[in-house]
Each structure stands twice: as C-alpha cells, then as structure tokens.
Amino acid sequence: MSVYTPVSDDEMRVLLQDYAIGKFIALQGIAQGITNSNYFLTTTQGRYVLTVFEVLQAHELPFFLELKQHLSQRGVACPAPIARRDGRFNSTLAGKPACLVSCLAGRDTSLPTAAQCFSTGAMLAKMHLAGADFPQHMANPRHAAWWQAESQRLLPLLDESDAALLHSEIAFLAAHPDSHLPGGIIHADLFKDNVLLADDAVAGFIDFYYACNGSFVYDLAIAINDWARQSNNQLNPALQAALLEGYQSVRPLSSDELAYLSIAQRAGCIRFWVSRLLDYHFPQAGEITFIKDPNAFRDLLLDLQ
Ligand SMILES: Nc1ncnc2c1ncn2[C@@H]1O[C@H](COP(=O)(O)OP(=O)(O)OP(=O)(O)O)[C@@H](O)[C@H]1O
Ligand SMILES: N[C@@H](CCO)C(=O)O
C-alpha cells in the first residue's frame, strides 16, 4: 500500500485552483510504489499523477522536476511535470512537497523480454545524450564516498565472509574509479519497476529521485544488473546482450567504457548491497521501509568477480 498521506477530493479541488488543467473529476490512490503517496488524478482536461513526497524535502524537488521537464522536451519517455499558474512545478499538500506530472501508459514488468531490454537500453542512451545540455549539477549522494563511509557502520554487523567481501570490493573500486569515463546526467536507479512498458516499447522512465551526475557506463551497469538478473542472482546473457545492444544502437560505448563495464557492474552491486543492508540493519524510525533482499547483490557480485 503506498498511500501514506490521504488526500480528499476537496483538498485536490483546492490545489487544482493553482493549475490550469481543468476541473476535478476523480482522484484514485495507486497501490504500487514504496516511498511516496501516488494518486491518479482525472480532470476535464486529462489524466495526471499526483505525488506527495514522504521523504524528499521541498528544496530538493526543483532539480528533479526541472530535469524531467528537460528530458521530456527532448523526446525521452518520462513524465512531464505540470507547471502551476505561477510557473513553479512544486506544490504543497498536507504540509508535504507535492507535484503533478503527466500520466503515462504502460506497466512495469518483472520478467522482461530481450526486446524490452533492447528498448530500455536504447532509451537510457537517449536520456544520457539528452541530458548533455541540462544546466544543473547534482553530485551522486550514493557513490564511492558514501559506500566507503556507510560500510564502516555495516562491517561489524556482517559475518566474516560478507565483511571481507565488502571491505575488499570497496578497496578494489577505490583503486579503479570511473571518473575518467564519459558522464553526465544519469538515472542511477533504472530497475525494472522504474520503467513503464507498452508491449516492447518504453512508455516512460519514472522515479528520477536518485538522478545525479555520474558516468554513463555506471548507469548502464545498474540497469543491466537488474534487468538481466535471474532468480538465482546470476545474469541472463541474452538479456544483458540485448540491453547493451539497445544502448549502443543510440550511443556506442568507447573501448574504455566497454573495458570498464564489468567493474561498473560490481560498483552497482556495492551501491545496492549497501543501501539494502542499511535498510535492514538500520531501519529509520517513522520512515516507511520495505526491505529488499540485500543478498541478491552480494550473490551477483560474487558471480561477477
Ligand atoms: N507518470 C506516471 N504515469 C503512470 N503511472 C505512474 C506514473 N508515475 C507513477 N506511476 C505509477 O505509480 C506507481 C508508483 O510510482 P513509483 O514507483 O514512482 O512510487 P514511489 O513510491 O514514488 O517510488 P518507489 O516505489 O520507487 O519508492 C508506479 O509503479 C506506476 O504504476
Ligand atoms: N531500486 C532500489 C530501491 C530504490 O533505490 C533497490 O531495489 O534496492
């Protein structure tokens, strides 16, 4: 259940006065999603998605909403934020930051086909190219300095072999950084549940709230690690190849990027192994946390080494 903040029809009617998108017809909570409260909003002019942010703070929102506007204007399949009458994208509802975005067709999948992996790879490359002239910068809050610092809290809690693996892998990544590789705006969380598909085509990337600056090959690696990962936490070679082929159909990788890809995949494993371990060992009081299996990324890491 992902509606933590109830929004009444009357509250929505009041908020709609700040927008020029017609009159209220209906508001329906969306069951999927973990972090935020999401609703489908229908007005006399169309269908939209209302998000009430449960964790992000108001001052953090403009970067993500302006990025979505930039990308959607350049043909990247993603929700377009809806501007208020005063020109802003961000609103407040129930004392929390909120926004309206366009409603996309399509559904996510947990069992992608090779054709869907190809389309996702191609759209990711398109996103990387489209971000080139986005004027804002956001350092990655969950990269090398973060996993180095957070691992200090985790190491005493892990069994001996996991602790040794985490420690040695972080040292390996520190010795093999990606800072020399092409980069720009990355999604940084392009898992299967963050892509809406209409048959084989990408209807839209969603959940841009980890988007930041980073290397393109790292972003691609994060996507491969989820889209091609099978239930045994090993990669399906055909799905991995399809995602890579789709990406390269739009933006061919340099030989340096290709050589680094497997290291980037190991970095992607560390990123999500660490965040899932933190959710498991240090659940935030008062924060809604759905704990995903940390061992999935440990096991994939062992397979990639
Ligand atoms: N622009 C959109 N158009 C259509 N459906 C959307 C849109 N945005 C979100 N959804 C639907 O709402 C669901 C929840 O959205 P999302 O995954 O962004 O939730 P969240 O709680 O904000 O983030 P997360 O689950 O990653 O923590 C999606 O699975 C999708 O079905
Ligand atoms: N995609 C992440 C959660 C959101 O960052 C995970 O599966 O661990």
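Residues numbered from 1 in each chain as written. Chains lettered and ligands numbered in written order. Predicted model: local features only at pLDDT ≥ 70, side-chain atom pairs only at ≥ 80, totals over all residues. Heavy atoms only, no water.

### Some points on the layout of surface pockets
Over the atoms a probe the size of a water molecule is rolled, and this reveals where empty space is left. The volume enclosed by the second largest pocket comes to roughly 360 Å³. Lining the second largest pocket are 19 residues, with Ser110, Phe191, Lys192, Asp226 and Arg229 sitting closest to its centre. Taken together, the residues that form the lining of the second largest pocket break down as six nonpolar, five polar and eight charged. (1 Å grid on protein atoms, 1.4 Å probe; cavity = no way out; pocket = protein on both sides within 12 Å on 5 of 7 lines; lining within 4 Å. Points joined across faces, edges and corners; volume = space filled by probe spheres on them. Nonpolar A, V, L, I, M, F, W, Y, C, P; charged D, E, K, R; others polar.)

### Brief notes about the site of ligand 2
The immediate surroundings of ligand 2 are formed by Asp189, Phe191, Tyr210, Arg271, Phe272, Arg276 and Lys292. At 2.7 Å, a side-chain N or O of Asp189 approaches a nitrogen atom of ligand 2. Between ligand 2 and the protein, one listed contact pairs an oxygen atom with a side-chain N or O atom of Lys292 at 3.4 Å. (Near = heavy atom within 4 Å. Polar contact = N/O pair within 3.5 Å; in protein donor to acceptor, adjacent residues only side chain to side chain.)

### What to know about helix 3 (residues 114–130)
For an α-helix the count is 3.6 residues per turn, leaving residues at separations of three or four pointing the same way. End to end, helix 3 covers 24 Å across 17 residues, agreeing with the expected 24 Å (1.5 Å per residue, within 8%). The buried fraction of helix 3 amounts to twelve of the 17 residues, a majority that puts the element mostly inside the structure. Residues of helix 3 that are buried: Gln116, Cys117, Ser119, Thr120, Gly121, Ala122, Met123, Leu124, Ala125, Met127, His128 and Ala130. Tucked into the core, helix 3 has its buried residues touching helix 2 (61–73), strand 6 (183–186), strand 7 (195–198), strand 8 (201–205), helix 6 (216–227) and helix 7 (237–250). (Helix = DSSP H or I, 4+ residues; strand = E, 2+ residues; numbered from the N terminus. Expected span 1.5 Å × (residues − 1). Buried < 20%, exposed > 50% of the residue type's maximum accessible area, 1.4 Å probe, protein only. Contact = heavy atoms within 4.5 Å.)

### Observations regarding the site of ligand 1
Around ligand 1, the structure places 17 residues, and the nearest of them are Ile34, Thr35, Asn36, Leu104 and Asp207. Contact distances for ligand 1 include 3.2 Å between an oxygen atom and a side-chain N or O atom of Gln32. Here an oxygen atom of ligand 1 and a side-chain polar atom of Asp207 are 2.3 Å apart. Secondary structure elements with two or more residues in the shell around ligand 1: strand 2 (37–43) and strand 5 (96–102). When its residues are assigned to classes, the shell around ligand 1 shows ten nonpolar, six polar and one charged. When residues of the shell around ligand 1 are sorted by domain, at least three fall in each of domain 1 (9–102) and domain 2 (114–304). (Domains from an automatic or database assignment.)

### A short note on the sheet that holds strand 4 (residues 91–93)
Adjacent strands of a sheet form backbone hydrogen bonds with each other and so pair up, either parallel or antiparallel. Strand order in the open sheet formed by five strands is 1-2-3-5-4, and the pairing between neighbours is antiparallel. Every interior strand has two partners, whereas the edge strands, strand 1 (24–29) and strand 4, have only one. If you compare each strand with its neighbour and ignore which way they point, the axes differ by 35° on average. Sheet topology places strand 4 next to strand 5; three bridges connect them, and they run antiparallel. Note that in strand 5 the partner of Ser91 across the bridge is Ala98. The sheet contacts of helix 1 (residues 9–16) involve strand 1, strand 2, strand 3 (46–52), strand 4 and strand 5, and relative to strand 1 the element is tilted by about 125°. (Pairing = 2+ DSSP bridges. Axes fitted to C-alpha atoms, helices over the stretch in contact; angles between N-to-C directions.)

### Comments concerning unusual backbone geometry
Residue Ala94 is not a glycine yet carries a positive backbone phi of 50°. Examined against the element boundaries, Ala94 turns out to sit in the loop between strand 4 and strand 5. In this structure, Ala188 takes a positive phi of about 75° despite not being glycine. You can see Ala188 is positioned in the loop between strand 6 and strand 7. For Ala188, a relative accessible area of 5% puts it in the buried group.

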